Amino acid sequence: MSPETQYIDLFHGQRALIDEHSAPALNAHRDRAAEVLANVGLQRGKDASHVDPAEVLAKDYSLNLARYEVPTERDDIFTCAVPEMSTNMHFLVNEQYVSLRDENRVAAVPDGCYVGSLREFARQRPDVIGRYYNQLAGRRTDTGDVRSKQYEACSLGESALNTMLCQDGFVLYVAAGVQMERPVQLINLLRAVEDFMAVQRLLVIVEDGAKASLLVCDHASRLNEEAHLLSLQTTEVFVGRGATLDFYSLEEHHDLATRLGQLYVRQQGASNVAIGQYSLTVGQTRNRVHVELVEPDAQLQLYGMATLDADQQLDNITFIDHKAPNCSSNELFKYVLDDRAKGSFLGRILVRQGSDKTDAHQTDRNLCLTPEARMVARPELEIYADDVKCSHGATVGQLDQQALFYMRTRGIPEEEARLLLMFAFMGDVIDGIRLEPLRDRLKHLVEKRFRGQLNHCKGCAVSR
Amino acid sequence: MSLLEIRNLHASVAGKEILRGIDLTINPGEVHAVMGPNGAGKSTLSAILTGNPQYEVTEGEIIYKGKDLLAMKPEQRAWEGIFLSFQYPVEIPGVSMVNFMRSAVNAQREYRGEAALSATEFLKLMREKRAVVQLDNKLANRSVNEGFSGGEKKRNEIFQMAMLEPTLSILDETDSGLDVDALRIVSDGVNRLKSAERSSIVITHYQKLLEYVQPQFVHIVYKGRIVKNGGPELGDRIFAEGFDWIKQELGE
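Residues numbered from 1 in each chain as written. Chains lettered and ligands numbered in written order. Predicted model: local features only at pLDDT ≥ 70, side-chain atom pairs only at ≥ 80, totals over all residues.

Considering the overall build of chain B
For the record, the criterion: The helix count covers DSSP runs of H or I at least four residues long, the strand count covers runs of E at least two residues long, and both are numbered beginning at the N terminus. Radius of gyration here uses only the C-alpha atoms, and the compact-globule reference equals 2.2 Å multiplied by the residue count raised to the power 0.38. Residues are called buried when their C-beta atom has 20 or more other C-beta atoms within 10 Å, exposed when it has 12 or fewer, and partly exposed otherwise; all C-beta atoms are positioned from the backbone.
A tally of helices and strands in chain B yields 10 helices and 12 strands. The C-alpha atoms of chain B give a radius of gyration of 18 Å, which matches the 18 Å a tight globule of 252 residues would have. Here the C-alpha coordinates of chain B stretch approximately 60 × 40 × 35 Å along the principal axes. Buried residues in chain B amount to 44% of all 252 residues.

Here's what the structure looks like:
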């Protein structure tokens, strides 16, 4: 039986239970999602990438549809206190929003805004959910016959599976004109003693003229040396006219954790968005990012960084769709691959007809530290407008042997010289982070990571 | 005891033999000039002395301070006081001069059992040594050699030498590409480090540097061997007549 059929059968069998523990505004999307899953199917085959969603999902994971509370030692997650970073700290344990009710940790949310459980929000504000939820993840493709179609469609099956089963998650809703000065931090913790799939759903809405920043930290706990954990994480982000959003995601998973992430972003006119995906440690991860710039003068900075070793596998598949004139996008991805790690960067920029004065740049640079490490880089541009400024480029290389020798002749030990070079390599992708405390913290974490001192998933490294 | 003793050194790069039996002894406090036509093996000799992994020693030995130099890693040689001023200094984007120098100085101190310098001590040392070669502060704040002019790169080499205070410094065509003023600054930097314990090997094509640093010994390298040894007068003759007379003496 195909994994699609298996999950659709499960859905029909457990429909009442799923609905009961969720909210009507979310339940309303399930039937259509099941249809899409049946029609579109999960992404298959590895092509240039390494993680095959259909193969991942063919494994028999258990789900927590009855919403049993996950026993969580408070210390595991609640000791996180990030000085300067955020007092707006929120938690998803698997897919379940965990309420903190701690005045010191959750700052008051401005009037008309919401930060918290998707299920609660869907019950309180079905009107807002109706306007936004599943509008990007449940889309029909509209690229027509341009070649980018495959990029547009490539994760809709996984997102449909998410929509079909999702019961809770996280919402950041910033009403028009509200400036949230303090960053919001969401900690996602995978936690199970057996093979388990968390169906995580994130919804971020920053209305016209509003401003917010969000840091999402993904962790996987290791309660059992054999339990495979899967995070099926679908995130939809809406950024209104003249609105600003910084959206950073930091992944620290372990070798038995898999992540299938789909991030959909829609930017309206003159909005300004910075996205950073920082993969510090992963098991198997496939990140798909899809950003649409739908009105003029929108600006996007999309950064990604990965430090991979052992047998870790990471795919970043990005699609930036310029649908309006005078927008800019600046994309930069950097990987350092050690041991037998495998990575891919498949990046497509589409500049549609009429999107004149587009300024789009894409760079992907990678270091393979061993002959066994593998990197696939596919930088792609597809342009249907004449008056544009676009560039793309990718490199896969090794540490500069001359620089290494030069440093050693000055007495810098080889290992230290390698670290300095690796760290220097990541310089620009870290310096581009607009949240200063995160930038400093990440520098520290990346250095620890290269030194092999990063303590995998004993809580949130950002806050330690 | 001699500081450095090279015995019958043969070396090759990518399977091609470049050095074919070099013998050279250097005592503490001596300055030796190494000259020779392009491709004779001068830079290969400096690469071998510093442990460049691209070069392979096929025969012979090098004794430095009574130890087997060839058994040491490049960083260990640096800790033992060997320094090479590169003919082509390497640019290292993203690694600041400050971090680079701090790592180098503190690794050396650690090897000698000394405590790491505090940030204040280190910056003071940087300032002091920068003045020796008149290296601009803004260069010291940049990435290593990145965006430096040719002359700035060479001055940066001597700055690093001043920071590390080597026992044996090798200047590989440090004078090439320098204007007269820069050459004087570099030479002054070299001369300041002279002492009864420290020795230098100066590889050069030009007279000017030798006038400044005044070597006691001059060696002519040709086709991978030292074919002639002499004093300063040998250098003078090379500058006056070139290498042809040496080739003739060798029967070529």
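Following the structure, the description resumes.
Some remarks on the overall build of chain A
Secondary structure summary: chain A contains 13 helices and 19 strands in total. Reported as C-alpha extents along the three principal axes, the dimensions of chain A are approximately 70 × 55 × 50 Å. Classification of the 464 residues of chain A by burial places 54% in the buried group.

Things to note about helix 13 (residues 436-450) of chain A
All names here are of chain A. In plain terms, the rule: An expected span of 1.5 Å times one less than the residue number is assigned to each helix. By definition, the arc is the one covered by directions from the helix axis to the C-beta atoms. Note on contacts: residues are paired as contacts if their backbone-placed C-beta atoms lie within 7 Å.
An ideal rise of 1.5 Å per residue puts 21 Å on 15 residues; helix 13 measures up with 21 Å between its terminal C-alpha atoms. Here helix 13 has its buried residues at Leu438, Arg441, Leu442, Leu445, Val446, Arg449 and Phe450. Buried residues along helix 13 cover an arc of 165 degrees about the axis, so they all sit on one side. As for helix 13, its buried residues are in contact with strand 7 (211-220), strand 9 (244-252), strand 11 (272-281), strand 13 (299-308), helix 11 (414-425) and helix 12 (427-431). Remark: Gly452 follows helix 13 within two positions and exhibits a positive phi of approximately 70 degrees.

Quick notes on the pairing of strand 10 (residues 257-267) of chain A
Residues and elements named next belong to chain A. Short version of the rule: Strands pair, by our definition, only if DSSP identifies at least two bridges between them.
In terms of burial, strand 10 is a largely internal element, 11 of the 11 residues being buried. In strand 10, alternate side chains face the same way, and those of Ala257, Arg259, Gly261, Leu263, Val265 and Gln267 on one face and Thr258, Leu260, Gln262, Tyr264 and Arg266 on the other are all buried. Note: strand 8 (residues 229-239) against strand 10, 11 bridges, orientation parallel. Within the sheet, the bridge partner assigned to Ser231 lies in strand 10 and is Arg259. Alignment of strand 10 against strand 12 (residues 284-293), held across 10 bridges, turns out to be parallel. Bridged to Gln267 within strand 12 is Leu293.

Details of the environment of B:Arg77
Residues and elements named next belong to chain B. In this fold, Arg77 is placed in helix 2 (residues 74-79). Note on Arg77: 24 C-beta atoms within 10 Å, which makes it buried. Spatially, the C-alpha atom of Arg77 lies 37 Å from that of Glu241, the residues being 164 residues apart in sequence. When residues no more than four places from it in sequence are discounted, the contact partners of Arg77 are Thr50, Gly51, Leu69, Met72 and Ile82.

With respect to helix 1 (residues 42-50) of chain B
The element helix 1 of chain B is largely enclosed, with a buried count of 9 among its 9 residues. Of the residues one or two after helix 1 of chain B, B:Gly51 is the one with positive phi, at around 85 degrees.

With respect to the sheet that holds strand 9 (residues 168-172) of chain B
Residue and element names in this part refer to chain B. To keep things clear, this is the line we draw: Axes here refer to lines fitted to C-alpha atoms; in helices the fit is confined to the stretch in contact. Angles between the N-to-C directions go from 0 to 180 degrees.
Pairing is mixed across the open sheet formed by 6 strands, whose spatial order is 6-9-10-3-11-12. With one partner strand each, in any of the chains shown, strand 6 (82-85) and strand 12 (225-230) form the two edges of the open sheet. The average angle at which neighbouring strand axes cross in this sheet is 20 degrees, direction not considered. Sheet topology note: the strand 11 (residues 217-222)/strand 12 ladder contains 5 bridges and is antiparallel. Pairing of Tyr222 across the sheet is with Arg225, part of strand 12.

Let's talk about the nonpolar core
All names here are of chain A. Selection criterion: One nonpolar core equals one set of buried Ala, Val, Leu, Ile, Met, Phe, Trp, Tyr and Cys residues connected by C-beta atoms within 7 Å.
One finds Leu172, Val204, Val206, Ala212, Leu214, Val237 and Leu421 to be the most contacted residues of the largest nonpolar core, which totals 204 residues. If one sorts the elements of this core by residue count, strand 6 (residues 196-206) sits on top with 9 residues. Ignoring anything within four residues of it in the chain, the contact list for Val206 reads Val174, Ala212, Phe238, Val239, Gly240, Ala243 and Leu245.

Section: the sheet that holds strand 4 (residues 55-64) of chain B
Residues and elements named next belong to chain B. Across the sheet, which stays open at both edges, the 4 strands sit in the order 2-1-4-5 with antiparallel pairing between neighbours. In the strand order of this sheet, the two ends are held by strand 2 (16-26) and strand 5 (67-68), each with one partner. Summarising the sheet, strand 1 (residues 4-13) and strand 2 pair through 8 bridges and their orientation is antiparallel. The partner of Glu5 across the bridge, within strand 2, is Thr25.

Considerations on unusual backbone geometry
Its identity as a non-glycine residue notwithstanding, A:Asn326 has a phi of 65 degrees, on the positive side. Its identity as a non-glycine residue notwithstanding, B:Glu165 has a phi of 45 degrees, on the positive side. B:Glu165 sits in the partly exposed class, given 15 other C-beta atoms within 10 Å.

Things to note about the packing of helix 1 (residues 3-20) of chain A against helix 3 (residues 30-40) of chain A
Residues and elements named next belong to chain A. Let me state the cut-off plainly: Any angle between 65 and 115 degrees counts as roughly perpendicular, while under 35 counts as roughly parallel, over 145 as roughly antiparallel, and the rest as oblique. In this scheme the handedness of a crossing depends on how the near helix is turned from the far one: anticlockwise by less than a right angle means left-handed, clockwise means right-handed. Under this grouping Gly is polar, as are all residues other than the nonpolar Ala, Val, Leu, Ile, Met, Phe, Trp, Tyr, Cys and Pro and the charged Asp, Glu, Lys and Arg.
The N-to-C vectors of helix 1 and helix 3 enclose an angle of 165 degrees; their axes lie 10 Å apart at closest approach. Between helix 1 and helix 3, the crossing angle belongs to the class labelled roughly antiparallel. For the pair helix 1 and helix 3, the crossing hand works out as left-handed. When helix 1 is examined against helix 3, the residues Glu4, Ile8 and Phe11 are found in contact with a partner set consisting of Ala34, Leu37 and Ala38. Its residues assigned to classes, the contact of helix 1 with helix 3 comprises 5 nonpolar, no polar and 1 charged.

Looking at the pairing of strand 12 of chain A
All names here are of chain A. Burial within strand 12 is extensive, with 10 of its 10 residues counted as buried. The alternating pattern of strand 12 places Gln284, Arg286, Arg288, His290 and Glu292 and Thr285, Asn287, Val289, Val291 and Leu293 on opposite faces, both of which are buried. In the sheet, strand 12 pairs with strand 14 (residues 313-322) via 10 bridges, with the strands oriented parallel. Bridge pairing in strand 14 places Arg288 opposite Ile317.

Overview of the packing of helix 10 (residues 401-409) of chain A against helix 11 of chain A
Helix-helix packing: each pair is described by the crossing angle between the helix axes and the interaxial distance. Residues and elements named next belong to chain A. At their nearest, the axes of helix 10 and helix 11 sit 9 Å apart, and the two run at 130 degrees to each other. One element, helix 10, and the other, helix 11, form an angle in the oblique class. The interaxial crossing formed by helix 10 with helix 11 has right-handed handedness. For the pair formed by helix 10 and helix 11, the contact residues are Ala403, Leu404, Met407 and Arg408 on the first element and Glu414, Ala417, Arg418, Leu420 and Leu421 on the second. Looking at the contact of helix 10 with helix 11, its residues break down into 6 nonpolar, no polar and 3 charged.

Some points on the confidence of the model for chain B
So the rule is basically this: A score from 0 to 100, pLDDT tells how confident the predictor is in each residue.
Residues of chain B with pLDDT of at least 70 account for 100%, and the chain-wide mean is 93. In the predicted complex, the global pTM is 0.89; the interface-specific ipTM is 0.97.

So, the confidence of the model for chain A
Residue and element names in this part refer to chain A. Summing up the model confidence of chain A, the mean pLDDT is 90 and the portion of residues at 70 or higher is 91%. Per-element confidence in chain A ranges from a low mean pLDDT of 51 for helix 5 (residues 74-78) to a high of 98 for strand 15 (residues 328-337). Scored below 50 in pLDDT, residues 78-84 makes 11 contacts in the model with residues more than four places away or belonging to other chains.

What to know about the environment of B:Thr174
Residues and elements named next belong to chain B. Within the secondary structure, Thr174 is located in the loop between strand 9 and helix 7 (180-192). Considered as a pair, Thr174 and Trp79 are 95 residues apart in the sequence and their alpha carbons are 22 Å apart. For Thr174, the residues in contact, after removing those within four places along its chain, are Ser85, Lys154, Glu157 and Val186.

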